[in-house]
Amino acid sequence: MDQLNKNKLNIKCEWMKSNRLLINPDGQVLPCCYFANVMYMYDKLGTSEKIAEKRNQINDQIGNKNIIQNQTRDADILMDYYDEKEKYNIHNNSLEDIIESDWFTKRLPESWDDKETSARHCIKYCQAKNEE
């Protein structure tokens, strides 16, 4: 896993480092809770009209369809996953096949070489500060 953490943005995926991942109750396999949260919200709110009626800061972040779509669509790596999410579900494929898939082993780690291709959650939560 160390080689996956050598990238141009200095992203150190703690979940990957400790050989952990997240499986949602619906069977969706995700690399971490940050991806799980965004994918769940996009799936439940970004593609439907189930938007919270009360508008406050929390609801705007959690239930605003436009914000959710903007947060996912600006990162191709998230949409690559979402577009093929059935493939990354344990009800459709084995856990071994999922974690050995191109998205988990190649596309996600390679996205960490460029700020334009990396998920903002990876940069925000997992980018290590340069040690001098």
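Residues numbered from 1 in each chain as written. Predicted model: local features only at pLDDT ≥ 70, side-chain atom pairs only at ≥ 80, totals over all residues. Heavy atoms only, no water.

**A closer look at the side chain of Asn-89**
In plain terms, the rule: In DSSP terms, a helix is any run of H or I states spanning at least four residues, a strand is any run of E spanning at least two, and both are numbered starting from the N terminus. Pairs of N or O atoms within 3.5 Å make up the polar contacts considered here, provided that, within protein, one atom can donate a hydrogen while the other can accept it, and that residues adjacent in sequence are counted only when both atoms are side-chain atoms. What makes two residues a contact is simply this: any of their non-hydrogen atoms within 4.5 Å.
Structurally, Asn-89 can be placed in the loop between α5 (76–83) and α6 (95–99). Only 3.1 Å separates the side chain of Asn-89 from the backbone oxygen of Asp-26, close enough to count as a polar contact. Excluding anything up to four places from it in sequence, Asn-89 contacts Asp-26, Gly-27, Gln-28 and Ile-98.

**Observations regarding unusual backbone geometry**
Even without being glycine, Asn-10 reaches a positive phi, approximately 60 degrees. Assignment of secondary structure puts Asn-10 in the segment before α1 (14–17).

**As for the packing of α5 against helix α7 (residues 102–111)**
Put simply, the test is: Working convention: axes come from line fits to C-alpha atoms, limited for helices to the stretch in contact. Angles between N-to-C directions cover 0 to 180 degrees. Here the angle decides the label: under 35 degrees means roughly parallel, over 145 means roughly antiparallel, 65 to 115 means roughly perpendicular, and every other value means oblique. Put simply, Ala, Val, Leu, Ile, Met, Phe, Trp, Tyr, Cys and Pro go in the nonpolar bin, Asp, Glu, Lys and Arg in the charged bin, and everything else, Gly too, in the polar bin.
Two numbers describe how α5 lies on α7: the axes approach to 10 Å, and their chain directions differ by 160 degrees. In terms of orientation, α5 lies roughly antiparallel with respect to α7. Contacts between α5 and α7 involve Ile-77, Asp-80 and Tyr-81 from the former and Trp-103, Phe-104, Arg-107, Leu-108 and Ser-111 from the latter. The residue inventory of the contact of α5 with α7, partitioned by class, reads 5 nonpolar, 1 polar and 2 charged.

**Some words on the environment of Cys-126**
Inclusion rule: Throughout this description, buried means an accessible area under 20% of the type-specific maximum (1.4 Å probe, protein chains only), exposed means over 50%, and partly exposed covers the range between.
The topology assignment puts Cys-126 in helix α8 (residues 120–126). Assessed through its relative accessible area of 14%, Cys-126 is described here as buried. Placed 113 residues apart in sequence, Cys-126 and Cys-13 show a C-alpha to C-alpha distance of 5.8 Å. Excluding its chain neighbours within four sequence positions, the residues that come into contact with Cys-126 are Asn-10, Ile-11, Lys-12 and His-121.

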